Amino acid sequence: MEKNLTTGSVFRNVLAFSLPYLLSYFLQTLYGMADLFIIGQFEGVASTTAVSIGSQVMHMLTVMIVGLAMGATVSIAQAIGGNDRESAARSIGNTVTLFMALSLGLMALLLALRRPIVAVMSTPPEAVAGTVDYLTICFLGIPFITAYNILSSILRGMGDSKSPLYFIAVACAANIGLDYLFMGALRMGPRGAALGTTLSQAVSVAVALLVIVRRKGGLAISRGDFHPARAVMGKILKIGVPITLQDGLIQVAFIVITIIANRRGLNDAAAVGIVEKIISFLFLVPSSMLSTVSALGAQNIGAGRPDRARQTLRYAVFIAAGFGALVVLLMQFFAEPVVALFTDASQADGASVIRLGGQYMRGYVWDCIFAGIHFSFSGYFCACGRSGLSFLHNILAILLMRIPGVYWMSERFPDTLLPMGLATSAGSLLSVLICAVAFALISRRDASAPPEQA
């Protein structure tokens, strides 16, 4: 089942690994949008709002689980690269034990806190009941969400980025069919949306387990590999915890920026909300580079080939920055038409949203270049076991530049959103500078270290 990525063309390996991941991330985005699209066909604004707010909470939770699972990907990839099958088996077994225990504890905690969470989100009174129903069912499905993501992280650590693509495709198809059944035929509203999401995740996990069990040539995992081992779990958490904290803080930063925009008025808030959705779609490429560099870099470092890990980073930066530059160029000419896809230009408010959205997009879109670069560096730091550096540059960018910059620009330029967009991008530019300095210091230290004895 495992695939060794420590030989052959580095560039070809980067493309072969990243494209399936990119497609699976695209399907996950489509998966999340399906609930909103379908409920809008059958229910009113209150139900749509309930699903929208509930899906925001679940997106943040999923992002943090994925970040924590990065520790498993790197640990397994390093063992595979070093041809240490026993360590790889222990890492897989301990990953399953750790995350299943975590998912059950998280499920119980969030079910107890579901009403306070709805209150913190400032949910409109008309949507409170629907949001509580949606989150209750989704929280009950946390073990399935966790299971899918840890299976995907294990497979990617073993060099297989195609299987998670197939599993999420099954989940996406099942979700759409179940949504039309529960929300369309049965008129279950937000509960139907949540039930469709939860059951489709269960289907994808069942398919994944069936495929893995039937495959030949995989690692021999014994019952003892599932027994908690402090050193193994410690390594997973050492890498994963900084990443999940970083991802959680990034989501909080986006919420703060949304609150700042909301204070400027309805049209400004709508413009920022639309552009955020567009940018999150464009960020699929930078996100795929982070996962690619983490998995490929970790395998090569485990195999004693740090030169190939650095080459993987260079190719990822080139691909991400090239994609970002192309998007920046296109959005300077087509920002308003893209924003217009999400609102009615024939109405006065719609025309204002398109104008403001075009301003915000032209500033924010530069983040596609900078984020692509620092995402690639973050993947490299994770592969090296230095995920704390990834947390450090992101938290510094959020606290020193992104949030204060957006707030100051909002107060200083009340008639345009362009400076707010530029301030958001400036946060990622600061991350790039910090990453470049950290990489130079790591490379200099590694170059001066005495060679290991054979």
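What you see is a predicted model, and the numbers here were worked out from it, not measured in a lab.

### Describing the overall build of the chain
Piece 1. Of regular secondary structure, the chain possesses 15 helices and 0 strands.
Piece 2. Relative to the globule expectation of 22 Å for 454 residues, the C-alpha radius of gyration of the chain, 22 Å, shows essentially globular dimensions.
Piece 3. A principal-axis box enclosing the C-alpha atoms of the chain has dimensions of 75 × 50 × 35 Å.
Piece 4. Expressed as a percentage of the 454 residues in the chain, the buried residues total 52%.
Piece 5. Across the chain, contacts joining residues at least 24 apart in sequence account for 83% of those joining residues at least 6 apart.

### A look at helix H5 (residues 142-157)
Piece 1. Relative to the 22 Å expected for 16 residues at 1.5 Å per residue, H5 spans 22 Å between its end C-alpha atoms, a close match to the ideal helical length.
Piece 2. Taken across its 16 residues, H5 has 15 buried, putting it largely inside the fold.
Piece 3. Directly after H5, the chain includes Gly 159, whose backbone phi takes a positive value near 90°.

### A closer look at the pattern of salt bridges
Pairs can form between side chains of opposite charge whenever their charged atoms are close.
Piece 1. On inspection of all chains with the given rule, the structure shows 2 salt bridges.
Piece 2. Here Asp 307 and Arg 305 are joined by a salt bridge, their closest N and O atoms 3.3 Å apart.
Piece 3. A residue is classified by how much of its surface remains accessible, and Asp 307, at 36% relative accessible area, is partly exposed.

### Focus: the side chain of Ser 294
Piece 1. Here Ser 294 shows up in helix H10 (residues 284-302).
Piece 2. Under the relative-accessibility criterion, Ser 294 is labelled buried at 0%.
Piece 3. At 2.8 Å, the side chain of Ser 294 forms a polar contact with the backbone oxygen of Leu 290.
Piece 4. A polar side-chain atom of Ser 294 sits 3.4 Å from the main-chain carbonyl oxygen of Gly 379.
Piece 5. Apart from residues no more than four positions distant in its own chain, Ser 294 is found in contact with Met 70, Val 74, Gly 379, Cys 382 and Ala 383.

### Let's talk about the packing of H5 against helix H6 (residues 162-185)
Piece 1. Look at H5 against H6: their axes get within 8 Å of each other, and the N-to-C directions meet at 155°. The angle between H5 and H6 falls in the class roughly antiparallel. Contacts between H5 and H6 pair Tyr 148, Ser 152, Leu 155 and Arg 156 from the former with Ser 163, Pro 164, Phe 167 and Ile 168 from the latter.

### Some points on the packing of H6 against helix H7 (residues 190-214)
Piece 1. Across the interface, H6 lies against H7 with an axial gap of 8 Å and an inter-helix angle of 150°. With respect to H7, the axis of H6 lies roughly antiparallel. In the crossing of H6 with H7, the sense of the turn from one axis to the other is right-handed. Between H6 and H7, the residues in contact are Phe 167, Val 170, Ala 171, Ala 174, Asn 175, Leu 178, Asp 179, Phe 182 and Met 183 and Gly 192, Ala 193, Leu 195, Gly 196, Thr 197, Leu 199, Ser 200, Val 203, Ser 204, Val 207, Ala 208 and Val 211, respectively.
Piece 2. The class makeup of the residues in the contact of H6 with H7 is 14 nonpolar, 6 polar and 1 charged.

### Describing H7
Piece 1. Helix length check: H7 (25 residues) gives 37 Å between terminal C-alpha atoms against 36 Å at 1.5 Å per residue, within 8%.
Piece 2. Among all positions of H7, only Pro 190, Gly 192, Ala 193, Ala 194, Gly 196, Thr 197, Thr 198, Ser 200, Gln 201, Ser 204, Val 205 and Ala 208 are buried.

### Some words on the environment of Thr 29
Piece 1. If you trace the backbone, Thr 29 turns up in helix H1 (residues 10-42).
Piece 2. Exposure remark for Thr 29: the relative accessible area of 21% places this residue in the partly exposed category.
Piece 3. In sequence terms Thr 29 and Cys 172 are 143 residues apart; their C-alpha atoms lie 9.6 Å from each other.

### Comments concerning the packing of aromatic side chains
Piece 1. If you walk through the whole model with that rule in mind, you get 7 aromatic pairs.
Piece 2. Where Phe 283 meets Phe 375, the ring centres are 6.0 Å apart and the plane angle is 75°; that geometry is what we call edge-to-face. Linking Phe 283 in the loop between helix H9 (266-282) and H10 with Phe 375 in helix H13 (residues 367-383), this pair joins segments that are 92 residues apart in sequence.
Piece 3. On the basis of relative accessibility, which here comes to 13%, the residue Phe 283 falls in the buried class.
Piece 4. Residue Phe 375 is classed as buried on the basis of its relative accessible area, which comes to 15%.
Piece 5. A ring pair is formed by Tyr 360 and Tyr 364, whose centres lie 5.4 Å apart and whose planes are at 65°; its orientation type is edge-to-face. Of the two residues, Tyr 360 and Tyr 364 are both situated in helix H12 (residues 348-364); the distance of 4 residues between them amounts to about one turn of the helix.
Piece 6. Note on Tyr 364: relative accessible area 1%, which makes it buried.
Piece 7. An aromatic cluster of three or more residues is present, and its members are Phe 377, Tyr 380, Phe 381 and Phe 439.
Piece 8. For Arg 412, the ring lying beneath its charged end belongs to Phe 413, and the centroid distance is 5.2 Å.

### Things to note about the environment of Gly 141
Piece 1. Relative to the helices and strands, Gly 141 resides in the loop between helix H4 (128-140) and H5.
Piece 2. On the basis of relative accessibility, which here comes to 3%, the residue Gly 141 falls in the buried class.
Piece 3. For the pair Gly 141 and Asp 225, spaced 84 residues apart in the sequence, the C-alpha separation amounts to 26 Å.

### Quick notes on the side chain of Ser 378
Piece 1. Relative to the assigned elements, Ser 378 resides in helix H13.
Piece 2. Look at Ser 378 and you get buried, because its relative accessible area is 2%.
Piece 3. One polar contact links Ser 378 to His 393, side chain to side chain, over a distance of 2.9 Å.
Piece 4. Among all residues touching Ser 378, those that are not within four sequence positions of it are Leu 290, Ser 390, His 393 and Asn 394.

### Considerations on the environment of Leu 106
Piece 1. Mapped onto the fold, Leu 106 is located in helix H3 (residues 85-120).
Piece 2. Spatially, the C-alpha atoms of Leu 106 and Gln 41 are 33 Å apart, while their sequence positions differ by 65 residues.
Piece 3. If sequence neighbours within four positions are ignored, Leu 106 has contacts with Leu 61 and Ile 142.

### Some words on a nonpolar patch on the surface
Piece 1. On the surface, Leu 326, Leu 329, Leu 330, Phe 333 and Phe 334 cluster together into a nonpolar patch covering about 530 Å² of accessible area.
Piece 2. Turning to its location among the elements, Leu 326 is positioned in helix H11 (residues 306-340).

Here is what the cut-offs are and how they apply
Residues numbered from 1 in each chain as written. Predicted model: local features only at pLDDT ≥ 70, side-chain atom pairs only at ≥ 80, totals over all residues. Heavy atoms only, no water. Helix = DSSP H or I, 4+ residues; strand = E, 2+ residues; numbered from the N terminus. Rg over C-alpha atoms; globule rule 2.2 N^0.38 Å. Buried < 20%, exposed > 50% of the residue type's maximum accessible area, 1.4 Å probe, protein only. Contact = heavy atoms within 4.5 Å. Expected span 1.5 Å × (residues − 1). Salt bridge = Lys/Arg side-chain N within 4 Å of Asp/Glu carboxyl O. Polar contact = N/O pair within 3.5 Å; in protein donor to acceptor, adjacent residues only side chain to side chain. Axes fitted to C-alpha atoms, helices over the stretch in contact; angles between N-to-C directions. Parallel < 35°, antiparallel > 145°, perpendicular 65-115°, else oblique. Left-handed = near helix turned anticlockwise from the far one by under 90°. Nonpolar A, V, L, I, M, F, W, Y, C, P; charged D, E, K, R; others polar. Phe/Tyr/Trp six-rings, centres within 6.5 Å; stacked < 30°, edge-to-face > 60°. Lys NZ or Arg CZ within 6 Å of the ring centre and 35° of its normal. Patch = residues over 30% accessible without salt bridge, like charges linked within 9 Å, V, L, I, M, F, W, Y side chains within 5 Å. Areas by Shrake-Rupley, 256 points an atom, 1.4 Å probe, with all protein chains shown as cover.

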